[in-house]
Amino acid sequence: MQIKKKQVNGCLNCNSKVFIFEKDILGKKYPTKCRRCGTKNRRIVNYCPYCNSKKYFPWGNKVRDFYSAECSKCHLVYIKNPLSTEAQNLYYKNYATNVHQKRNIKVKQRSIMYKQELNYLKSVVENFNNIKNVLDVGCGGGFFLDLFKKYNKKTYGVEVSEDSYLIAKKKHKMYYGNFDDNLNLKKKFDLIIMRGVVEHVENPKKYIFNAQKILKKEGYIFISATPDLNCVSAKIFKERWTQHRPESHILHLSENHIDSLFLNKKFTKVGSHSFYLKTPYENFEKDINEIVLEIKRQRKGIKSKSISPAFFGNMITLIYKKR
Ligand SMILES: [Zn+2]
Ligand SMILES: [Zn+2]
């Protein structure tokens, strides 16, 4: 079985839209199982993936029968009934073909972003030449890593999506799988990249702590192209925020969530930037206008299907240095 779309609307096996509901730990019901064929398409998340609290309140409206919750304690937003592990594996199996590399324009826009982000990184780190090896966690087809190879860095990648892994393997030293304890990396790195990763994983803290462990002293962790929950678009548009994609973005962190995993440890934050102006996604006047229109609609109680524009703060880039 393969998934051909980037959005999953209904049962992965028989396409039926009718789900059986299951209770979460607080007794609230969420759709999980296909009524027609019994396939378990969704799982229930009972505890906040960041702070483990079971208390939450609803966040935004449901999207394709995915419900979102805001943790009452730490205010992380997470999907209450994300794709089941099996469904998620199917979803990522052909991620490169079906989602990531599907549209030419997106690929071009992203390659511009790679250059901008690399330039930013070079402007922040003390001596880019001292970086000998680079690990990109969730490297996709290894396209961001390609740039580092041009600077004669030794390039390593971790990837869980099979087709992406096979593309990257032709160019970089690759590890196949999730970035967890089973992945036996017997190496330390000068730079670890997580570009568009932490919002995809069940346990973002574990990913970050694992990276911290295998980072050399004076090395850098570069977390980039990650949605920031604490941005204007998320506040106004909620589930119509362009970064709210429940199949893949199973949680939304804010910059504070990420900071607090670093700052009480042996790390210094050396960079924080939100790419928007001069990116291929920017259309400043139009974007402002769309936001103003949405606020007006909400004031008047008019329902809207508009998706948020690209804007300041939608995505963040953070750089931490190990002391
Ligand atoms: Zn079914
Ligand atoms: Zn929480």
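Up top you'll find the structure we're talking about.
Reading the values: rules and limits
Numbering of residues starts from 1 in every chain and runs along the sequence as written. Chain letters and ligand numbers both follow the written order, the letters beginning at A and the numbers at 1. Two thresholds apply to this predicted model, a pLDDT of at least 70 for residue-level local features and 80 or more for giving and counting side-chain atom pairs, whereas whole-chain, interface and lining totals are computed over all residues. Each side-chain value is worked out from all heavy atoms of the structure, with water and hydrogens disregarded. Under the scheme used here, helices are H or I runs from DSSP no shorter than 4 residues and strands are E runs no shorter than 2 residues, and both carry numbers assigned from the N terminus. With C-alpha atoms as the basis for the radius of gyration, the globule rule is written as 2.2 Å multiplied by the number of residues raised to the power 0.38. Each residue is placed in one exposure class: buried if its accessible area under a 1.4 Å probe, protein chains only, is under 20% of its type's maximum, exposed if it is over 50%, and partly exposed if it falls in between. Only the protein chains shown count as covering a residue, and every accessible area follows the Shrake-Rupley method with a 1.4 Å probe. Counting rule applied: Lys, Arg positive; Asp, Glu negative; His and chain ends not counted. Lys charges are placed at NZ, Arg charges at CZ, Asp charges at CG and Glu charges at CD. With water omitted from the atoms examined, metal sites may look incomplete; donors here are N, O and S atoms no farther than 2.8 Å from the metal, or 3.2 Å in the case of Na, K and Ca. In these descriptions, tetrahedral denotes four donors with every angle between 85 and 135 degrees, square planar four donors and octahedral six donors with opposite donors over 155 degrees apart and the rest between 65 and 115, and irregular any other case. Two strands qualify as a pair provided that DSSP identifies no fewer than 2 bridges between them. We define a nonpolar core as any set of buried Ala, Val, Leu, Ile, Met, Phe, Trp, Tyr and Cys residues linked to one another through side-chain atoms lying within 4.5 Å. What counts as a domain boundary in this text is fixed by an automatic or database domain assignment. One fewer than the residue count of a helix, multiplied by 1.5 Å, yields its expected span. Think of the arc as the fan of directions from the helix axis to the C-beta atoms. Contact between two residues is taken to exist if any of their heavy atoms lie within 4.5 Å; hydrogens are not considered.

Undergrad: A description of the overall build of the protein should follow, citing residues and the corresponding values.
TA: On a plain count of helices and strands, the protein comes out with nine helices and 13 strands. Relative to the globule expectation of 20 Å for 323 residues, the C-alpha radius of gyration of the protein, 20 Å, shows essentially globular dimensions. C-alpha atoms of the protein, sized along the principal axes, occupy 55 × 45 × 40 Å. Expressed as a percentage of its 323 residues, the buried residues of the protein come to 54%. As presented, the protein carries roughly 16100 Å² of accessible surface, and 50% of it is formed by carbon and sulfur atoms. The centroid of the 63 positive side-chain charges in the protein is displaced by 2 Å from the centroid of its 28 negative side-chain charges.

Undergrad: Give a description of the coordination of the zinc ion (ligand 1) that names residues and reports values.
TA: Only Cys-11 (SG), Cys-14 (SG), Cys-34 (SG) and Cys-37 (SG) from the protein coordinate the zinc ion (ligand 1), and they sit 2.3 Å from it. In this structure, the zinc ion (ligand 1) is surrounded by four donor atoms whose angles at the metal cover 100 to 120°, and the resulting shape is tetrahedral. Taken in chain order, the donor set of the zinc ion (ligand 1) reads C-x2-C-x19-C-x2-C.

Undergrad: Tell me about the coordination of the zinc ion (ligand 2), residues and numbers included.
TA: Every protein donor of the zinc ion (ligand 2) is accounted for by Cys-48 (SG), Cys-51 (SG), Cys-71 (SG) and Cys-74 (SG), and the metal-donor separations fall at 2.3 Å. Note that the zinc ion (ligand 2) binds four donor atoms; their angles at the metal cover 98 to 115°, and the shape is tetrahedral. One chain supplies every donor for the zinc ion (ligand 2), spaced along it as C-x2-C-x19-C-x2-C. Linking Cys-51 in the loop between β2 (29-34) and β3 (56-58) with Cys-74 in the loop between β4 (68-71) and β5 (77-79), this pair joins segments that are 23 residues apart in sequence. Its relative accessible area of 18% is what places Cys-74 among the buried residues.

Undergrad: Give me the sheet that holds β5: which residues, what numbers.
TA: Overall, antiparallel pairing links the four strands, which are arranged β3-β4-β5-β11 in an open sheet. Among the strands making up the open sheet, the edge pair consists of β3 and β11 (251-252).

Undergrad: Any details on the nonpolar core? Residues and values, ideally.
TA: A general feature of soluble globular proteins is that nonpolar side chains tend to end up buried together. Tyr-78, Leu-135, Phe-179, Ile-192, Met-194, Ile-258 and Phe-262 are the most contacted members of the largest nonpolar core, which totals 50 residues. Mapping this core onto the domain boundaries places at least three of its residues in each of domain 1 (19-93) and domain 2 (104-322). One finds Met-113, Leu-118, Tyr-165 and Ala-168 within the second-largest nonpolar core, a separate group that totals 23 residues.

Undergrad: Got a sec to walk through helix α9 (residues 284-300)? Specific residues and values, please.
TA: The end-to-end C-alpha separation of α9 is 25 Å, in line with the 24 Å expected for 17 residues at 1.5 Å each. Along α9, the residues that are buried comprise Asp-287, Ile-291, Glu-294 and Arg-297. For α9, the angular spread of the buried residues around the axis is 125°, confining them to a single face. Across α9 from its buried face, at more than 90 degrees, point the exposed residues Glu-285, Arg-299 and Lys-300. Next to the buried residues of α9 lie α7 (232-237). Looking one or two residues past α9, Gly-301 carries a phi angle of roughly 75°, positive in sign.

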